[in-house]
Amino acid sequence: MHLGAAWYPEHWNEERWETDVRLMKEAGMTVCRIGEFAWSTMEPYEGGYHFEWLEKAVTLLNRYGLEVVLGTPTAAPPAWLTHRYRDTLAVDEHGRTAVHGNRCHTAANSQTYLKFCRKITGEMAKRFGKDARVIGWQIDNEYNRVDYSENSRRQFQHWLKDQYTSLDALNSHWSTAYWSQTYSNWDEIPLPVGAHNPGLMLAFKRFVTHTWREFQKVQIDEIRHHSLPSQWITHNFMGWFDAFDHYELTADLDFATWDWYVGTGHHDFTKTGAAHDLTRGFKRKNFWIMETQPGWVNWSGVNNTLNKGEASAMAWHAVAHGADAILYWQWRSAQGGQEQLHGSLIGADGNPRPFYEEVKVLGENFAKVSEVIANTEPKNEIAFLYSYDARWSINGQKHHKDFNSIDHLMRYYSPLAERNISVDILSPLANLSGYKIVVLPALVILPDVTVENLTRFVESGGTLVITVRTGMKDTHNSLFDTLQPGKLRELAGAEVEEYYALLDPAPVHFRGNEQSIEEKIIEGKSEMWAEALRPLSDSTQVLAHFGESNGWLDGKPAITLNPVGENGGKVLMIGAVLDSKAQSFLIERILREGGIEPIYTEGKTGVEVAKRVGKDGKTVTLVINHTREERSLDLKELAGQDLLSGKSLSGVISLLPYGVRVLI
Amino acid sequence: MHLGAAWYPEHWNEERWETDVRLMKEAGMTVCRIGEFAWSTMEPYEGGYHFEWLEKAVTLLNRYGLEVVLGTPTAAPPAWLTHRYRDTLAVDEHGRTAVHGNRCHTAANSQTYLKFCRKITGEMAKRFGKDARVIGWQIDNEYNRVDYSENSRRQFQHWLKDQYTSLDALNSHWSTAYWSQTYSNWDEIPLPVGAHNPGLMLAFKRFVTHTWREFQKVQIDEIRHHSLPSQWITHNFMGWFDAFDHYELTADLDFATWDWYVGTGHHDFTKTGAAHDLTRGFKRKNFWIMETQPGWVNWSGVNNTLNKGEASAMAWHAVAHGADAILYWQWRSAQGGQEQLHGSLIGADGNPRPFYEEVKVLGENFAKVSEVIANTEPKNEIAFLYSYDARWSINGQKHHKDFNSIDHLMRYYSPLAERNISVDILSPLANLSGYKIVVLPALVILPDVTVENLTRFVESGGTLVITVRTGMKDTHNSLFDTLQPGKLRELAGAEVEEYYALLDPAPVHFRGNEQSIEEKIIEGKSEMWAEALRPLSDSTQVLAHFGESNGWLDGKPAITLNPVGENGGKVLMIGAVLDSKAQSFLIERILREGGIEPIYTEGKTGVEVAKRVGKDGKTVTLVINHTREERSLDLKELAGQDLLSGKSLSGVISLLPYGVRVLI
Amino acid sequence: MHLGAAWYPEHWNEERWETDVRLMKEAGMTVCRIGEFAWSTMEPYEGGYHFEWLEKAVTLLNRYGLEVVLGTPTAAPPAWLTHRYRDTLAVDEHGRTAVHGNRCHTAANSQTYLKFCRKITGEMAKRFGKDARVIGWQIDNEYNRVDYSENSRRQFQHWLKDQYTSLDALNSHWSTAYWSQTYSNWDEIPLPVGAHNPGLMLAFKRFVTHTWREFQKVQIDEIRHHSLPSQWITHNFMGWFDAFDHYELTADLDFATWDWYVGTGHHDFTKTGAAHDLTRGFKRKNFWIMETQPGWVNWSGVNNTLNKGEASAMAWHAVAHGADAILYWQWRSAQGGQEQLHGSLIGADGNPRPFYEEVKVLGENFAKVSEVIANTEPKNEIAFLYSYDARWSINGQKHHKDFNSIDHLMRYYSPLAERNISVDILSPLANLSGYKIVVLPALVILPDVTVENLTRFVESGGTLVITVRTGMKDTHNSLFDTLQPGKLRELAGAEVEEYYALLDPAPVHFRGNEQSIEEKIIEGKSEMWAEALRPLSDSTQVLAHFGESNGWLDGKPAITLNPVGENGGKVLMIGAVLDSKAQSFLIERILREGGIEPIYTEGKTGVEVAKRVGKDGKTVTLVINHTREERSLDLKELAGQDLLSGKSLSGVISLLPYGVRVLI
């Protein structure tokens, strides 16, 4: 477990450095990230490399016991580079060339730019690849730019040729007879600006993924060529950001990290946990928080501060979801530059800001638990399948302006989080063995391998939950020639007779489990979207119907359950997007069907309980009060020793505002 | 009377075709629209024409008894064309060239593009012009693009030279001394981007009209050169869309059609009737609904479905307003392409969707009434004069952000529709003989010929209603040198002392007809706009005054009435934009002055009653329930035989939700 | 004192002219502004100058006793000029070249354009510079355009070289090591588009200031070369408009004028006074209203009219704040042109509009007071320091989306205006002798000379009020290496421990002056922003604390007061942005500390009382009712002779709606 910050020694006189590093040490920091954005200091003129200052910074950090993460500086090239080589600058969708001076103004697929990136990374790797004080590398920073230059267009056409081999295949998969889009030559194919053919739009997103993966690969290769085996390589992603497929990008990395910013407002652990779980799911491994806000940011509408204590609870929350390090961004703001007003640990006057004290306490506490938590990770029985293809497809054709793939996923995630049930969020191509429940949140694009995996999963006794919009399209973003959920229809024992975007909510009459002694009936509402289901087999049970709505939905099945095989497998089809009360009722039913019980049902009160498990089966339980008030809870079977206070705790205990217990 | 759909056989294997056509036939369809958007299938490479497939489709449709409307495919050129001939692509007002792959990305006035359009239309006409199975042609699809290329600018300058002959005339009509805009050379004249000189802005709109008319003319000429006299030529317009003057465009067509989409929300017959009446007014002839939504669309914010039954009521509503055909768009969605999620009659699995059944019932009912309704049309005693020039002028200078020409027209239209009083919407140049009342809704630009027509109309005993903003400018968008209503001042017996955009509504004290026994006084509000009127003759009566407002308006006349001549002619000047209750009071007064009585006063309850009349004077009455509830009404003198049920009806009858009666 | 209007004789036939001038005279007008925008009439073809018509207009005006202000026409060049010399057209930040036909579409720093501007101004000056009928010149019109052309970029780079001498200095002041922005060559420096380095952004604003100043200088030099010493030179600015530093621009002018438009809504004298005070502060001299609306404008969302009488009250309000002339824009609208619907005095029919009558009464009243008011000006004891640098800095990094520098200034201005306490608004570089209170409203950038001036001011017994965000940055927009308020920390006896953008208001517990007999405690709220203060000396008193908020602020000092020296000097630090009730309480305290009493405490009732003082100490008091209702007030020591009615007034008097008294 690491605690640290991003530090930019190049902004300051060397006389100041030691004060900074001493203050880091005093705050309990164990790691420091340096180097990214320092290209103009590393290579002030073309071919003139200067790493002496960086060497000194590494030495100083090492002297105070801090390990070093080195960032490659390719997200911010020097002015001489973009000025001399104009083809390195990205072009936006309106044909405008980027201006130097912000970040990410370069085209990741510019051959010229790739050449310079390879060179600077290689030089860094030569210098620090064998330096054990550097424990790992971060490639670039927050990949995000999409280039719409003519160069990009040509590369896209070449990439399409690799993917589709023939124009006939492409024309067919994209239905280009529609609106006379038929391509008779590869070089006729445009980049999509605004809405366009769904096949083309999806292909372009994949091309962007390819572009960034190649860009990353160039740097990984340079580092690997020179580096110690112990040095790992990662990148800092941005949670739900969706400009490319993160499963592909992380395939070439040792583990994933992400930059967690709240911006305006406050942290809600029943939602933010999902972004941690997503990042953990990229590699199915623990991750780092490479950046997080020391109080506030500078780029949001209202850059309010986190409450006193809130950042600390957030840090523990991240740890609970598999974070092995928390690094604050940034240590101190440069006197100039776009982010002068961003939160930091050190103030304009060079002294610790109030926030520094909160980190210092965190440092002390991290030190107490570090050894026990090392080599533990979250273990879950529920998986959500999350697909960039599906999200892109829906974003391109929302059909209801308020339909958002992530919000939809959250309708299933949050009620589980409130019950302290953790989940894994995985690629639709992931192996599903070991799970009890799998949820498909609006998985509009359904690959064949997913169908195979899910069939195996259900036949082995798993409970599959298919939500609205799932299984409508193939991997070319083309409609299946069956109704939803496509090749899962038979497994589901039902299909979608018709889907409806809703202007007004539609009533849903929900029946309790008829096998239970007391029969419950609740009334809910389906919001935004509704799918009239049609059972396809006698075994299919209807769990809920739509009430009087637009005439078409009235009385149609809204939720079905189909038992599958002899191992207790089941498929639930959910044709409604339920209001929160009804959704809560549904979640209880799903859990019952899947045979899962919450580890501690206190989530709604703002207290999170989560476990990390070691390879030896040993469990660490984190109990986190995410509220500004004191909370008490009955530990019951969680009773144990609290590593922070050193005391043994059992029965009803009290948690201070934003307070934490780490029990073993 | 026709029922049909748009079908794109080029999206599908020929093996599927017969199933589709059989299902059309079974739905009661009698017509099918094909061909538009199929250019890349008709001419897959330059000069290589392939119509065999189209021939097969026509033959198949004919075999099942469906007539064919053939669309020219010029709204969606092939990729090889725009790629090879870049000057065919339109340029937007920001100077960006359009990207291939959506529709209408070409410049209608590109000489190169016109050449290709002429060629493909000519080839189609050679092949199908003598084929009686094709009953008519649709040119292009929903004209809409405006091109801002340098080519367009040069053509605009040439066109201006034709219009104005001399720069002196142009400079004078446009008051170019203002802001030093004086042009000393034709090639100095720019295209208007954003706000610009009103004269230039209006001229540019007319130039766009000219451009589209020429574009259309090229194709009409090709078709007429080869076609049977029985084949008609039309275009599918878009209701209130205003990029060009529809009166000019329809001058060269046999009749008009339009594409009626609700988008988000639901149909309101007291408003949508106006778009039908507008389209009927283009040629003063019945029209077709060339496209309408089978449930929902894919391009709106919330693509909700029409309620069950609503589409059927909409179809009858269109018929009541003069539609002779209803075609759904589209039969089935392509598997790819931008409109995958648009409503259709056939689902992704190739089977009828729920909506198909509603159309089938409509098909049965159309068959029952078709013969009787043929050759009948709406006949009205009220005309509204609607002018594109006036609308453009106001849109360029709204003066009050919420002042919308169409909303303003609706303030007069809807209360009439609620009283089941139908109107004609006509060009300001139209002959007005036969009308009792003529309304000028914000006719800011007043041509001399309109003044002459209106003078003749009033002198012959007609009642003229002049509303706010009327008669302020000449046909160059230049202020008259008199106050409003310009050359109608004398006829009106009043002028506008001053106009005011209102921040807050102004009170209006309305006096009842003093000749009536009981004198009514009502209080209303003028919203957004007010005009202080000044009577110009002794005969002018003041029907309403403004109350205490901004100081300037207080006590000024708001509505005047001037009796004209010996035939009972009258002119009402309405200086207020009344709230709905006061407007309703005003409408009653106008009807009384004009001597018109509603045919059935049940409109406010959601039931529409409308008549179509044959040349022989025979009348068909449509009674349409536009609500989701059952409605009852007393037929009184409308009693007669219901063609749908075959029963004779009289007295109080009941209408099912969205139910219809067709009485003779 | 002058009354007048802008007149465009070039829009009309000469036959009409005399009618117009006669009507001006009859309205009591004494001045007329002509010439600006008439370039195409003055120089219809390159090098062909035609001033005969202008000569005639001047002669005619003179014949009717009106003096002439001549505008140079450079805000609207002829079409032949921009068409032939494309490099005169401005380029916007998206790289688009402006289109001819609006105004200000030229680049003020185009060498070509400057050449033409010099020429036309020189020709005008030769013709009218010795003509005493022309009393003064207006350069151009409402400077506003910013040019982003390559030419502009090159000039910016040259200007930076002049400012910074070396790249090392620039790199250091801008902290360009940040994000690798380091410049190794002047020509690498970009223009800032969107957010950019704060140093670069601020420098660019100053460069734009420089550009306009040079543009203005070229014309001033031409005029001065030919003109009578009596002819003054000015420019019409736009109040709070902030594209350039108005203190610099006005340095080369004889006095300032501004164009006062309300747009949508109505006049609020507790706010609009500030714009007058700002304009007066540019030169610390009286000013002119060069344009104001005759009823309404044409460019706002709702172009409502001013209430009857409101414009008259506005005119007196401007006079009260130091206006020596009121000119309406415009006399009459051209028949064509973008501003057809703008308010005017003459209608489309050539006759006076209702508004003309209001001006006529004003003309009569101006005549009555003109002699007495001449050579008087406002005299105030409170100064606000307003800085363009500070405003630009905050706008570039708002940190809270609702934080607006002018609104913040108004939180101090309006409560004073409600108490009829006038203030001066001055440059931060201004000499402060003679003031009792100085307020720094969010003066984020604090120049050394300001620190020196303020220190001297406080040491001499002044009361300094430092508000939030003050003293954070140096004049390069770079963070100080101390906490706020920078070099004022010692004087203030306090510093800002931490600043916080607030999502929710924070409570502020305010203590009354403990020296007073009754101790008041009030509860307020700090909105948007809060600064936890840290006293630095024993003498510093805490006047208010923050209540329970985000945890960090809780209990921290919110307002402090530090007595300085032996002359009664004091510094108040205000760490809160108070709600209006608490702010009112604070203002009372500040006034008490500064030893200032209101001249008449009736402001909240809508009655303004203001004084102008002559060099001889004689005072004229204006009492203006800014409401639509009658108001009465007790004159007390203001009793005297009313110049308008000629009567002596004392005790309780009554004011008509929008009524005025001018007492001596």
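Definitions and cut-offs
Residues numbered from 1 in each chain as written. Chains lettered and ligands numbered in written order. Predicted model: local features only at pLDDT ≥ 70, side-chain atom pairs only at ≥ 80, totals over all residues. Least-squares fit on C-alpha atoms with pLDDT ≥ 70 in both. Domains from an automatic or database assignment. Contact = placed C-beta atoms within 7 Å. Helix = DSSP H or I, 4+ residues; strand = E, 2+ residues; numbered from the N terminus. Nonpolar A, V, L, I, M, F, W, Y, C, P; charged D, E, K, R; others polar. Pairing = 2+ DSSP bridges. Buried ≥ 20, exposed ≤ 12 C-beta atoms within 10 Å, placed from the backbone. Axes fitted to C-alpha atoms, helices over the stretch in contact; angles between N-to-C directions. Parallel < 35°, antiparallel > 145°, perpendicular 65-115°, else oblique. Left-handed = near helix turned anticlockwise from the far one by under 90°.

(A) Expanded view of the relation of the copies chain A and chain C. With an axial shift of 0.0 Å and an RMSD of 0.1 Å, the rotation relating chain A to chain C amounts to 120°. The relationship between the two copies is best expressed as a three-fold rotation axis. Ranked by how close their C-alpha atoms come to the rotation axis, the residues of chain A are headed by H94 of chain A, at 5.6 Å.

(B) The domain arrangement of chain A, seen in detail. Residue and element names in this part refer to chain A. The assigned domain composition of chain A is domain 1 (2–144 + 202–374), domain 2 (382–594) and domain 3 (605–663). When each unit is reduced to the centre of its C-alpha atoms, the spacing between domain 1 and domain 2 is 38 Å. Contacts between the two partners involve 14 residues from domain 1 and, on the opposite side, 19 residues from domain 2. Secondary-structure elements contributing two or more residues to the side of domain 1 that touches domain 2 are α8 (198–226) and α10 (269–283). Here the side of domain 1 that touches domain 2 takes 8 residues from α10, the largest share from any one element. Residues belonging to the side of domain 1 that touches domain 2 are distributed by class as follows: 6 nonpolar, 3 polar and 5 charged.

(C) View of the sheet that holds strand β10 (residues 376–377) of chain A. Residues and elements named next belong to chain A. Here 4 strands make up an open sheet; going across it, the order is β10-β22-β23-β28 and the pairing antiparallel. With partners counted over all chains shown, the strands left at the sheet margins are β10 and β28 (660–663), one partner each. Examined bridge by bridge, strand β23 (residues 619–625) and β28 share 4 bridges and lie antiparallel to one another. Of the residues in β28, the one forming a bridge with T621 is L663.

(D) Main features of helix α11 (residues 310–320) of chain A. A large share of α11 of chain A lies buried, amounting to 11 of its 11 residues. Trailing α11 of chain A by a residue or two, G322 of chain A shows a phi angle of about 110°, which is positive.

(E) Spotlight on the interface of chain A and chain C. Chain A puts 48 residues into the contact, and the matching count from chain C is 41 residues. Grouping the amino acids of the side of chain A that touches chain C by side-chain chemistry returns 18 nonpolar, 24 polar and 6 charged.

(F) Highlighting the interface of chain B and chain A. Across the boundary between the two partners, chain B contributes 48 residues, which contact 41 residues of chain A. Elements with a minimum of two residues in the side of chain B that touches chain A: α2 (39–42) and α4 (79–84) of chain B. Of the residues contributing to the side of chain B that touches chain A, the split by class is 18 nonpolar, 24 polar and 6 charged.

(G) Quick look at the packing of helix α1 (residues 14–26) of chain C against helix α3 (residues 52–63) of chain C. Residue and element names in this part refer to chain C. The interhelical angle for the contact between α1 and α3, taken along N-to-C directions, is 30°, at an axis separation of 10 Å. As the angle between them shows, α1 and α3 are arranged roughly parallel. Along this stretch, α1 crosses α3, giving a crossing that reads as right-handed. Of the residues in α3, those in contact with E14, W17, E18 and V21 of α1 are K56, A57, L60 and L61. Looking at side-chain class alone, the contact of α1 with α3 contains 5 nonpolar, no polar and 3 charged residues.

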